[in-house]
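Structural characterization, general
Residues per chain, in single letters:
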Amino acid sequence: MLFAERWFGPDDPVRLEFLAQVPVLQGIVTALHDVRAGESWPEDRLSRLREQIEARHLRFCAVESIPVSEPVKLGLPERERHMDSYCASLEAVARVGVKVVCYNFMPVFDWTRTTLAEPLPDGSIALSYDQAALEHLKLGHGGGVLPGWAAQHTPAELQRWLAAYRHVDEKRLWENLECFLKRIIPVAEANGVSMALHPDDPPWSVLGLPRIVTNAAALQRVLDLVPSPANGLTFCTGSLGANPDNDLPGMIRQFGGQGRIHYVHLRNVLVRGPKSFSECAHPNGVIDLGECVRALVETGFAGPVRADHGRMIWGEQGRPGYGLYDRALGLMYLAGLHEAATRRHARSAHSLP
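Thresholds, definitions, all that
Residues numbered from 1 in each chain as written. Predicted model: local features only at pLDDT ≥ 70, side-chain atom pairs only at ≥ 80, totals over all residues. Heavy atoms only, no water. Helix = DSSP H or I, 4+ residues; strand = E, 2+ residues; numbered from the N terminus. Expected span 1.5 Å × (residues − 1). Contact = heavy atoms within 4.5 Å. Pairing = 2+ DSSP bridges. Axes fitted to C-alpha atoms, helices over the stretch in contact; angles between N-to-C directions. Patch = residues over 30% accessible without salt bridge, like charges linked within 9 Å, V, L, I, M, F, W, Y side chains within 5 Å. Areas by Shrake-Rupley, 256 points an atom, 1.4 Å probe, with all protein chains shown as cover. Salt bridge = Lys/Arg side-chain N within 4 Å of Asp/Glu carboxyl O. Parallel < 35°, antiparallel > 145°, perpendicular 65-115°, else oblique. Left-handed = near helix turned anticlockwise from the far one by under 90°. Nonpolar A, V, L, I, M, F, W, Y, C, P; charged D, E, K, R; others polar. Buried < 20%, exposed > 50% of the residue type's maximum accessible area, 1.4 Å probe, protein only. Right-handed = clockwise from strand over helix to strand, strands pointing away. Core = buried A, V, L, I, M, F, W, Y, C linked by side-chain atoms within 4.5 Å.

1. As for helix H2 (residues 43-55)
In this model, H2 (13 residues) spans 18 Å end to end at C-alpha, consistent with the 18 Å of a helix rising 1.5 Å per residue. Where H2 is buried, its residues meet helix H1 (16-19), strand E2 (27-30), strand E3 (59-64) and helix H4 (79-95). Where H2 terminates, the next one or two residues include His57, which has phi positive at roughly 65 degrees.

2. Some remarks on the sheet that holds strand E10 (residues 269-273)
The strands that make up a sheet are held in pairs by hydrogen bonds between backbone atoms, and each pair lies either parallel or antiparallel. Spatially, four strands are ordered E5-E6-E11-E10 in an open sheet, and the strand pairing comes out antiparallel. With partners counted over all chains shown, the strands left at the sheet margins are strand E5 (115-119) and E10, one partner each. Geometrically, the sheet is characterised by an average inter-axis angle of 35 degrees between neighbouring strands, direction not taken into account. Of the pairings in the sheet, the one linking strand E6 (residues 125-130) to strand E11 (residues 276-279) comprises three bridges and is antiparallel in character. Across the sheet, residue Tyr129 finds its bridge partner in E11, namely Phe277.

3. Some details on the sheet that holds strand E7 (residues 194-197)
Here eight strands make up a closed barrel; going around it, the order is E1-E2-E3-E4-E7-E8-E9-E12 and the pairing parallel. Across the sheet, the axes of successive neighbouring strands diverge by a mean angle of 30 degrees, strand direction being ignored. Relative to strand E9 (residues 261-265), strand E8 (residues 231-236) runs parallel, the two being bridged by four bridges. Directly across from Phe235, in E9, lies its bridge partner Val264.

4. Notes on the pairing of E6
Pairing geometry for E5 and E6, over three bridges, is antiparallel. Opposite Glu118, over in E6, you have Ala126 as the bridge partner.

5. So, the environment of Ile252
By the secondary structure assignment, Ile252 is in helix H10 (residues 248-256). The spatial distance from the C-alpha of Ile252 to the C-alpha of Ile184 is 25 Å, given a sequence separation of 68 residues. Beyond its immediate sequence surroundings of up to four residues, Ile252 is in contact with Phe235, Gly257, Ile261, Cys292, Ala295, Leu296 and Thr299.

6. Quick look at a nonpolar patch on the surface
Taken together, the side chains of Trp314, Tyr325 and Leu329 present a nonpolar region at the surface, about 360 Å² in accessible area. Tracing the sequence through the fold places Trp314 in the loop between strand E12 (304-306) and helix H12 (325-351).

7. Here we look at the packing of helix H7 (residues 170-190) against helix H8 (residues 216-225)
H8 packs onto H7 with a crossing angle of 40 degrees between their chain directions and a minimal axis gap of 9 Å. The angle between H7 and H8 falls in the class oblique. Remark: the crossing between H7 and H8 carries right-handed chirality. Touching Trp174, Leu177, Glu178, Leu181 and Lys182 of H7 are Ala218, Arg221, Val222 and Leu225, all from H8. Among the residues forming the contact of H7 with H8, the class breakdown is six nonpolar, no polar and three charged.

8. Structural notes on the pairing of E2
Neither face of E2 is left uncovered, since the one carrying Gly27 and Val29 and the one carrying Ile28 and Thr30 both have all their residues buried. In the sheet, strand E1 (residues 2-6) pairs with E2 via three bridges, with the strands oriented parallel. Considered in E2, the bridge of Ala4 is made with Gly27. Both E2 and E3 contribute to a ladder of four bridges, which runs parallel. Counted as the bridge partner of Ile28 is Phe60 from E3. Viewed along the sheet, the connection from E2 through H2 into E3 turns out right-handed.

9. Some remarks on the nonpolar core
Core analysis: the biggest nonpolar cluster contains 98 residues, and Tyr86, Phe180 and Met195 have the highest contact counts within it. In terms of residue count, H7 provides more of this core than any other element does, nine residues in total. If we skip the residues at most four places from it in the chain, Tyr86 touches Ile66, Pro67, Val68, Val101, Tyr103, Phe180, Ile184 and Met195. Of all hydrophobic cores here, the second largest spans nine residues; its members include Leu2, Val29, Cys61 and Ala196.

What follows is the structure, given as structure tokens:
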């Protein structure tokens, strides 16, 4: 596997030269974050990103993310134009040599948290989620400061999209996802790009909006909609692990065995109750990351892996979940797990008759 980390570009408080000092880091995941969903990405800007990354002796190994517009998810008439723009972006990404694209199909909100700075017992702070707290938020009057909301929609847009989704249930959302996949997967395949759908985070309905990519059955359904090697997954342990019913190592073996996991996010959570959790240090949560890494090794996964979110520790200030220090610690921990799993797998293979 290729150890990577997310960088939000030249305006990121975590400078690229600092990320490059993490000993095991091999690649960078980034995107054109200011291009609105439904617009095509300029190839020259992607090339400049690649040049900046390679100047630090790192590899631009994945795009995270090319956002899917709300008209595509809703099945509105303008989705055809937006899907054309999406395909043009995929072609531009392929021309600069990036072969993995992460995306999601979550209505209105990206990954959702209710608290940006949950104090943990060790004095660090982390992102957290509580369903009851979310249901009491007045969207557009403070709710827009949460991750994934303010950057995507103005308060007026937020209310408009919420109203539009009152007419979209899970069945309709599945139909719209199928339409999207049938349009873009052939383009991705023709350009050697692996599409990696991120599961819903958290993996349940948020504010009455349908969420459909939540468990093993749903992930398999996604893959079956368009049975192409280019139609694959971002396997995110933190997203899926917020629901204790999800068997993460088993899911990795199921989908990794099909060669359909193209990108991996490894992080941990502390589940506090039904639909309530906080993020935490990578070794400390309810998810057995050692078993997850072992399953990845056993299924031969060789794609990019990142430590995903981290706590804010040692007084660091910056983008919640995306500080330098804890993500660096997490990546080193994952590298140790990978080394141990690789050696164990090699010993097992040599001991076979």
